[in-house]
Amino acid sequence: MSLTSRLVDTPLYVQIAQSLSRQVADGALRPGDRVPSLRQLSQQQRVSVTTALQAYMWLENRGYLEARPQSGFYVRTPFANLIAEPQFDASKTRPIAVGRNPVLIELNEASNDARNVPFGHGCASAELFPNRKLNLILQHVVRQTPLHSARYDLPPGVESLRRQIARRSLEMGCEFSASEIVVTSGALDAINLSLRAVAKPGDVIAVESPTYFGILESAASLDMKVLEIPTHPQGGMDLDELERAIRKHRVKACVVMTNCHNPLGYVLPDQYKRGLAELTGRCGVPVIEDDLYGDLAFEGPRPHPVNAFDRRGLVLLCSSFSKILSPGYRIGWVAAGRFCKEVERLKLLTSVAAPSLTQLVVAEFLESGGYTRHLKRQRSTLAEQVEFVRQALAKYFPQGTRISRPAGGYMLWVEMPPRISAMKLYRAALKEHISILPGTIFSATGRFKNHIRLNCGVTWSDLHDRALSTLGHLCERIHA
Ligand SMILES: Cc1ncc(COP(=O)(O)O)c(C=O)c1O
């Protein structure tokens, strides 16, 4: 069948171009391949040479093809693949007591200040959440359950919500039931409770490097030491090093994020996750898995967490609805395996219960099927926004800058040339009303001095483009 035989509203040249772009995406046409000449394409498709030219110009404008003088049109290496990714720092450290980081409060204020362009913020723009639908459900729940606020929904939490989460676990390749889930006040609460359930003050916890700063702060507040395991920016925590560390330092728990890592953005393959579950299972070390962004992988089916490969009930899977539905609802959960009862007890002791009303609303949102629909839209929007920010960074930042290529979520990890201090850049940026996060807060060892993390969950506009251009200029200025 000719490419053009389908009768649709899309102009003919766009139909031809889109069909060729699919061949590039599928790998049938590879970077460097020469595509048919204009005359050949017009004959193949039975269209005029002008229409063929329009199709090639459409593809050229979108970066699929390049015209080479006197030679024809060729498939380009995708722009995204030309940007170098951050490097692996293999240096080893020892278990350390994490100091309280005074900068965090300041960073938090800067990120939340509405006057600042929020690249340092921890969550997506308000318009990316399903606010209207949640509000409607909230009104419905209040009408149905007028006494919702006149009681505690004690741990493990509202049953209808736990049933809905357990249902979703099948899609993740896991097999936990509603009775194995404890509802928490967000993912950080889930991580904190899990740490307390498996380790005590003075114990050593293995973490990725870089790792989400909230985990370092949790360890600090619980007087646990952290051991940062070298982590490959595309391949995850070095498992050989983890095994050595477990034996040498009597590691009591391991905190990992294998899906849509914050800040690195990778999704690790099943083989890695199986290997991690086998290694920690063999050594009897519990794994606290932060899967907060796991539903936000840009492509393919929902990636499995490590929990899917756990045969011993040692992987405590933590997540929340903060990044997808509502950060303000403060609803998270943990499927805590053999530690379930202990986590339940700790939840009761530390904060009695999670909020009742928002548990009911999230349960109903999940039951209505709204979650899956919303997720589909949000994933493609975020993938596009991450790419906008990457491309702007590639344009404005100094030569030698390396940028992560996330497989999901909305964080970018940027390694600038070593001469650029992320902390200085942060301070200079703040004077221009732009917030960013310096890399040093993602480690307890003072590493990542020339790295920054950027939130791409912003609805892209000229304002954001200008802010990144300003950051690029500041990079040049601050080291001069
Ligand atoms: C990796 C990671 N884990 C945990 C949290 C905390 O999530 P919650 O708001 O659900 O407590 C965050 C929030 O930014 C995060 O990025």
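Residues numbered from 1 in each chain as written. Predicted model: local features only at pLDDT ≥ 70, side-chain atom pairs only at ≥ 80, totals over all residues. Heavy atoms only, no water.

Give a description of the overall build of the chain that names residues and reports values.
Broken down by element type, the chain carries 16 helices and 17 strands. Radius of gyration (C-alpha) of the chain: 24 Å, near the 23 Å computed for a compact globule of 480 residues. Per-residue burial over the chain gives 54% buried out of 480 residues. Considering only intrachain contacts with a sequence separation of at least 6, the fraction spanning at least 24 residues in the chain is 74%. With the model as given, the accessible surface of the chain reaches about 21,800 Å², and the carbon-plus-sulfur share is 50%. In the chain, which carries 58 positive and 45 negative side-chain charges, the distance between the mean positions of the two groups comes to 1 Å. (Helix = DSSP H or I, 4+ residues; strand = E, 2+ residues; numbered from the N terminus. Rg over C-alpha atoms; globule rule 2.2 N^0.38 Å. Buried < 20%, exposed > 50% of the residue type's maximum accessible area, 1.4 Å probe, protein only. Contact = heavy atoms within 4.5 Å. Areas by Shrake-Rupley, 256 points an atom, 1.4 Å probe, with all protein chains shown as cover. Lys, Arg positive; Asp, Glu negative; His and termini not counted. Charge placed at Lys NZ, Arg CZ, Asp CG, Glu CD.)

An account of the nonpolar core is needed here, citing residue identities and associated values.
By size, the foremost hydrophobic cluster in this structure holds 110 residues, and its most contacted members are F119, L161, L242, F321 and L454. The dominant element in this core, judged by the number of residues it contributes, is helix α14 (residues 370-396), at seven residues. The residues touching F119, leaving out its near neighbours within four places in the chain, are V389, I434, S435, I436, R453, L454, N455, V458, H464, A467 and L468. I191, A219, A220 and V343 belong to the second-largest nonpolar core, a separate cluster that totals 30 residues. (Core = buried A, V, L, I, M, F, W, Y, C linked by side-chain atoms within 4.5 Å.)

Lay out the site of the ligand in plain terms, naming residues and giving numbers.
Taken together, 13 residues lie around the ligand, and A187, N262, D290, S320 and S322 are the ones closest in. Separating a nitrogen atom of the ligand from a side-chain N or O atom of D290 is a distance of 2.6 Å. Residue S320 places a side-chain N or O atom 2.7 Å away from an oxygen atom belonging to the ligand. Relative to its free-state accessible area of 400 Å², the ligand is covered by the protein chains to the extent of 92%. Per-class residue counts for the shell around the ligand are six nonpolar, four polar and three charged. (Near = heavy atom within 4 Å. Polar contact = N/O pair within 3.5 Å; in protein donor to acceptor, adjacent residues only side chain to side chain. Nonpolar A, V, L, I, M, F, W, Y, C, P; charged D, E, K, R; others polar.)

Please provide a residue-by-residue account of unusual backbone geometry, values included.
Cis geometry marks the peptide bond from S209 to P210, where omega comes out at 10°. With respect to the helices, strands and loops of the structure, P210 is situated in the loop between β6 (204-209) and α9 (213-221). A cis amide bond links N262 with the next residue in sequence, P263, at an omega value of 15°. Secondary-structure assignment places P263 in the loop between β9 (251-256) and α11 (270-283). You will see that R250, though not glycine, has its phi angle at about 50°, which is positive. Looking at the secondary structure, you find R250 in the loop between α10 (239-249) and β9. Classification of R250 by relative accessible area gives exposed; the value is 66%. Look at H433: it is not a glycine, yet its phi comes out positive at around 65°. Secondary-structure assignment places H433 in the loop between α15 (422-431) and β15 (434-435).

Mind laying out the packing of aromatic side chains, listing which residues take part and the relevant values?
The description of an aromatic ring pair rests on the distance of the ring centres and on the angle between the ring planes. Enumeration over the complete set of coordinates arrives at nine aromatic pairs. Between the aromatic rings of Y56 and F73, the centroid separation amounts to 4.8 Å while the plane-to-plane angle is 50°, which identifies the pairing as tilted. Here F73 lies in strand β2 (residues 72-75) and Y56 lies in helix α3 (residues 49-61), a separation of 17 residues in the sequence. Of the two residues, Y56 and F73, neither departs from the other in class, the shared state being buried. Measuring from centroid to centroid gives 5.8 Å for F176 and W333, while their planes differ by 45°, and the two rings are tilted. Here F176, found in the loop between α7 (159-171) and β5 (181-184), pairs with W333, found in strand β12 (residues 332-335); they are 157 residues apart in sequence, far enough to count as distant. (Phe/Tyr/Trp six-rings, centres within 6.5 Å; stacked < 30°, edge-to-face > 60°.)

For the sheet that holds strand β17 (residues 451-455), give the residues involved together with the corresponding values.
Spatially, four strands are ordered β13-β14-β17-β16 in an open sheet, and the strand pairing comes out antiparallel. Two strands in the sheet have a free side with no partner beyond their single neighbour: β13 (402-403) and β16 (437-438). With five bridges joining them, strand β14 (residues 411-415) and β17 adopt antiparallel strand pairing. Considered in β17, the bridge of W413 is made with R453. (Pairing = 2+ DSSP bridges.)

Tell me about the environment of L222, and name the residues and values.
Along the chain, the position of L222 falls in the loop between α9 and β7 (225-232). You can call L222 buried: its relative accessible area is 15%. Remark: the alpha-carbon pair of L222 and L393, spanning 171 residues in sequence, is separated by 38 Å. Excluding anything up to four places from it in sequence, L222 contacts N192, L195, R196 and P201.

Can you lay out the pairing of β12 for me, pointing to particular residues and giving the numbers?
Neither face of β12 is exposed, since G332 and V334 on one face and W333 and A335 on the opposite face are all buried. Both β5 and β12 contribute to a ladder of four bridges, which runs antiparallel. Across the sheet, the residue bridging to I181 is A335, located in β12. One ladder, built from four bridges, connects strand β11 (residues 315-320) with β12; its direction is antiparallel. Across the sheet, L317 pairs through a bridge with A335, a residue of β12.

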